[in-house]
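So the chains spell out like this:
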Amino acid sequence: MPDIRIKTPPLDKVFEKWKQRAVRTDRKKMEKEFGTKGAVFSLDAVSAAEYVKETTKEAAIYFALKKSLGPAPKGKEENLVTAPRVVREQFYSFKGAGKINKEEWKGNEIVPHFESIQAVSCKNCRGKGYIENKCKTCKGTGKIEETLTVLVGEEQKKEKKPFSYPCATCFGTGNRTEPCKECGGYKNMYKYEELPVPFQTVVTGAPILHSSAQTKYEKEIGEDLHKMIEDVEGIKFSDFKELDSKAEASLGYWNKNIKKTINSAGSDYKSYEKDKDAQITSQIYLFPMILMNAETKRGKKFEIYSLGSGEKFMVYSNF
Ligand SMILES: [Zn+2]
Ligand SMILES: [Zn+2]
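Residues numbered from 1 in each chain as written. Chains lettered and ligands numbered in written order. Predicted model: local features only at pLDDT ≥ 70, side-chain atom pairs only at ≥ 80, totals over all residues.

**Student:** Hey, could you run me through the overall build of the chain in this one?
**Tutor:** Scanning the chain from N- to C-terminus turns up 7 helices and 15 strands. Rg of the C-alpha trace for the chain: 41 Å, well past the compact-globule value of 20 Å for 319 residues, more than 25% over. Principal-axis analysis of the C-alpha atoms places the extent of the chain at approximately 140 × 60 × 40 Å. For the chain, buried positions account for 20% of its 319 residues. Of the contacts formed within the chain by residues at least 6 apart in sequence, a portion of 75% connects residues at least 24 apart. (Helix = DSSP H or I, 4+ residues; strand = E, 2+ residues; numbered from the N terminus. Rg over C-alpha atoms; globule rule 2.2 N^0.38 Å. Buried ≥ 20, exposed ≤ 12 C-beta atoms within 10 Å, placed from the backbone. Contact = placed C-beta atoms within 7 Å.)

So, in structure tokens, the structure goes:
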């Protein structure tokens, strides 16, 4: 069996790489944090032995995938509502907007589309907006019939005489118009569709990184690895079972967090294997990590991380 052990970089080498970069980035800050008043600042005096307080060995797991982000699942719902309900609805328009980036999209994936609004003549009132009913007051005759008792002649004989006058409720028409209960008098109903947002179908490469050091640089480290996986040395595995069985021997050290990280990376990997929209495009890499807790001469605490082997490693720091 070949030796699969990977050597972590010597601490001095990691510290040196950080130091050179830090001084290139902001020399003044280095002088302020590590310099001595009245003396010429010398980078040589900034050593790991003096300023690194604690070192722990951790590990990171990396793999890459391609994920296709497609349109939302097909769906179409048609609504038929009155005009005031149209006004209360939130509509969206994608006319001329091109395809939408799903990752940037906030909100539902199926939304009412403005361009789908259509007026539909109300079936209940045939587009008139009102319903004609017989006037209840005059029973549809347009007239109110009364009987007057009239006293006739010298004897004042009571006689009944008809007296009719136009109905004031229907203005003599015999009909009353009332707003249609269906369309509320607005003559039309309005049809609109709830449709999926037109997302673009894109295939994006995504780096997946799990690290036992729990740094806030996971995203950055993942992205760096995605771009320059050849510049960092790790141990490649083609499946998680193999990684799981050889990780401890490969690293030459072990801790609870590393075990946990491997487990969670493993279940993450499994779920991507099952994901129809995802495709794992790289082998699984196991990287040694070194975490240094350091403190400047002025007492400012900071961390330095290395990722990779003694031959090829990257350095991160929150200095
Ligand atoms: Zn109507
Ligand atoms: Zn009437």
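**Student:** Where do I start with the domain arrangement of the chain in this structure?
**Tutor:** Buried accessible area, meaning the area lost when the parts come together, often serves as the stated size of an interface. For the chain, the domain assignment lists domain 1 (11–69 + 202–317), domain 2 (77–124 + 182–196) and domain 3 (130–179). One C-alpha centre belongs to domain 2, the other to domain 3, and the line joining them spans 50 Å. (Domains from an automatic or database assignment.)

**Student:** I keep staring at the packing of helix H6 (residues 240–251) against helix H7 (residues 256–274) and nothing clicks. Help me out?
**Tutor:** To characterise two packed helices, one gives the angle between the axes of the helices and the distance between these axes. Interhelical geometry of H6 versus H7 gives an angle of 175° and a closest axis separation of 11 Å. In terms of their interaxial angle, H6 and H7 are classed as roughly antiparallel. Residues Phe240, Leu243, Asp244 and Ala247 of H6 lie in contact with H7, whose contacting residues are Ile262, Gly266 and Tyr269. (Axes fitted to C-alpha atoms, helices over the stretch in contact; angles between N-to-C directions. Parallel < 35°, antiparallel > 145°, perpendicular 65-115°, else oblique.)

**Student:** How should unusual backbone geometry be read in this particular structure?
**Tutor:** What you tend to see is this: most non-glycine residues have negative phi, and most peptide bonds are trans. In the Ramachandran plot, Lys139 falls in the positive-phi region, its phi being about 55° despite a non-glycine side chain. Within the secondary structure, Lys139 sits in the loop between strand E5 (130–134) and strand E6 (143–152). Overall, Lys139 belongs to the partly exposed group, with 13 C-beta atoms counted inside 10 Å.

**Student:** What's the story with the nonpolar core in this structure? I'm lost.
**Tutor:** Note that soluble globular proteins tend to have their nonpolar side chains buried in a common cluster. Formed by 37 residues in total, the largest nonpolar core has its most connected members in Tyr62 and Phe287. Setting aside residues up to four positions removed in sequence, Tyr62 forms contacts with Pro207, Ile208, Leu209, Gly222, Leu225, Tyr285 and Phe287. By size, the runner-up hydrophobic cluster in this structure holds 7 residues, among which are Cys122, Cys180, Tyr190 and Tyr192. (Core = buried A, V, L, I, M, F, W, Y, C linked by C-beta atoms within 7 Å.)

**Student:** Can you walk me through the environment of Lys191 in this structure?
**Tutor:** In this structure, Lys191 sits in strand E9 (residues 188–196). With 15 C-beta atoms packed within 10 Å, Lys191 lands in the partly exposed category. When the C-alpha atoms of Lys191 and Gly142 are compared, they prove to be 39 Å apart, with 49 residues separating the residues in sequence. Ignoring sequence-local partners within four residues, the contact set of Lys191 consists of Glu78, Leu80, Gln118 and Val120.

**Student:** Could you clarify how one ought to interpret the environment of Val86 in this entry?
**Tutor:** By the element assignment, Val86 lies in helix H4 (residues 83–88). The partly exposed category is assigned to Val86, around which 19 C-beta atoms lie within 10 Å. Once residues lying within four places of it in the same chain are set aside, the contact partners of Val86 are Val81, Ile117 and Tyr190.

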